[in-house]
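Tertiary structure, described
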Amino acid sequence: MTAPGLLDRADAIVRAYRHFREVVLRGGLGVAILLAGAHKLVAPGAWHAYLAPPFADAWPVALLPLDPTFVLFGVSEVLFGLLLLADWHTPTIAALTALSLVGVVVNLCVGVAVGEPYVDVLIRDLGLALLAFGVALEAGAPRVGEEGGP
């Protein structure tokens with residue numbers, strides 16, 4: 001069999017399972033956000049290094065210490081992850097997750113701009129933000145047979 005024939009066959013095999021796409025995308029995002037949040041709950045100090053220096057220097061540590069702040073971020077991420085896994089108001093929860101990740105991406109961009117070695121984390125979190133926006137759009141799209149659907 002030729003390479004194009006093998007690729008067509010592989011494409012057909014993958015397409016046969018496309019009805020799982022929403023569960024896989026939503027579930028993957030939910031697990032990633034849940035695990036990141038859980039890690040912030042048990043090791044908030046590990047996340048301090050990713051706060052861009054201009055933001056870290058301006059942070060009002062006396063009023064809002066970093067550990068409790070990252071624990072709060074962790075609580076919200078655990079909640080968002082669980083709600084995504086439960087498929088509860090997925091378009092809204094995924095959009096909120098995406099907006100939160102945009103804040104993370106902006107922070108990491110600032111860090112990279114001032115010379116911090118965050119490029120790998122920036123690339124990952126940009127991908128997660130785009131995934132979250134995609135999950136929000138996919139979950140909000142009308143399905144076949146629904147009003148406005150094909």
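Here the structure is shown first, and the text comes after it.
Residues numbered from 1 in each chain as written. Predicted model: local features only at pLDDT ≥ 70, side-chain atom pairs only at ≥ 80, totals over all residues. Heavy atoms only, no water.

Moving on, we come to the overall build of the protein. Looking only at helices and strands, the protein has six helices and zero strands in total. Starting at the N terminus and walking to the C terminus, you meet the elements of the protein as α-α-α-α-α-α. The C-alpha radius of gyration of the protein comes to 19 Å, more than 25% above the 15 Å expected for a compact globule of 150 residues. Counting only C-alpha atoms and orienting by the principal axes, one finds that the protein spans roughly 65 × 40 × 30 Å. When each of the 150 residues of the protein is scored for burial, the buried share is 29%. The long-range share in the protein, meaning contacts at least 24 apart out of those at least 6 apart in sequence, stands at 67%. A total of about 9200 Å² of accessible surface is found on the protein, and carbon and sulfur atoms cover 72% of it. Across the protein, the 8 positively charged side chains and the 13 negatively charged ones have centroids separated by 11 Å. (Helix = DSSP H or I, 4+ residues; strand = E, 2+ residues; numbered from the N terminus. Rg over C-alpha atoms; globule rule 2.2 N^0.38 Å. Buried < 20%, exposed > 50% of the residue type's maximum accessible area, 1.4 Å probe, protein only. Contact = heavy atoms within 4.5 Å. Areas by Shrake-Rupley, 256 points an atom, 1.4 Å probe, with all protein chains shown as cover. Lys, Arg positive; Asp, Glu negative; His and termini not counted. Charge placed at Lys NZ, Arg CZ, Asp CG, Glu CD.)

Right, let's talk about the nonpolar core for a bit. Membership of the largest hydrophobic core comes to 14 residues, with the highest contact counts inside it found for Leu29, Ile33, Leu84, Ile93, Ala94, Leu101 and Ala132. If you tally residues by element for this core, the top one is helix α6 (residues 119-140), at five residues. (Core = buried A, V, L, I, M, F, W, Y, C linked by side-chain atoms within 4.5 Å.)

Turning our attention to the environment of Asn107. Take Asn107: it is sitting in helix α5 (residues 90-113). By relative accessible area, which is 11% here, Asn107 ends up buried. For the pair Asn107 and Trp47, spaced 60 residues apart in the sequence, the C-alpha separation amounts to 13 Å. Filtering out sequence-adjacent residues up to four positions away, Asn107 remains in contact with Tyr50, Leu51, Ala52 and Phe55. Within the local environment of Asn107, its side chain forms a polar contact with the backbone nitrogen of Ala52, the two atoms lying 2.9 Å apart. (Polar contact = N/O pair within 3.5 Å; in protein donor to acceptor, adjacent residues only side chain to side chain.)

One pass over the full model with this rule turns up four salt bridges. As a salt-bridge pair, Asp125 and Arg124 come within 2.8 Å of each other at their nearest N and O atoms. Taking relative accessible area as the criterion, Arg124 reaches 44% and is therefore assigned partly exposed. (Salt bridge = Lys/Arg side-chain N within 4 Å of Asp/Glu carboxyl O.)

Our focus in this paragraph is helix α4 (residues 66-85). Over its 20 residues, α4 extends 28 Å from the first C-alpha to the last, a length consistent with the 28 Å expected when each residue adds 1.5 Å. Looking at the packing, one finds that the buried side of α4 touches α2 (21-42) and α5. Among the residues trailing α4, Asp87 stands out with phi positive, at a value near 60°. (Expected span 1.5 Å × (residues − 1).)

As a further point, take the packing of α2 against α6. Two numbers describe how α2 lies on α6: the axes approach to 10 Å, and their chain directions differ by 135°. Here α6 runs oblique to α2, going by the angle between their axes. Like other packed secondary-structure pairs, α2 and α6 cross with a definite hand, here left-handed. In this structure, α2 uses Arg21, Glu22, Leu25, Arg26, Leu29 and Ala32 to contact α6, whose residues at the interface are Leu128, Leu131, Ala132, Val135, Glu138 and Ala139. In the contact of α2 with α6, the residues fall into eight nonpolar, no polar and four charged. (Axes fitted to C-alpha atoms, helices over the stretch in contact; angles between N-to-C directions. Parallel < 35°, antiparallel > 145°, perpendicular 65-115°, else oblique. Left-handed = near helix turned anticlockwise from the far one by under 90°. Nonpolar A, V, L, I, M, F, W, Y, C, P; charged D, E, K, R; others polar.)

By themselves, these are just geometric observations and shouldn't be taken as functional.
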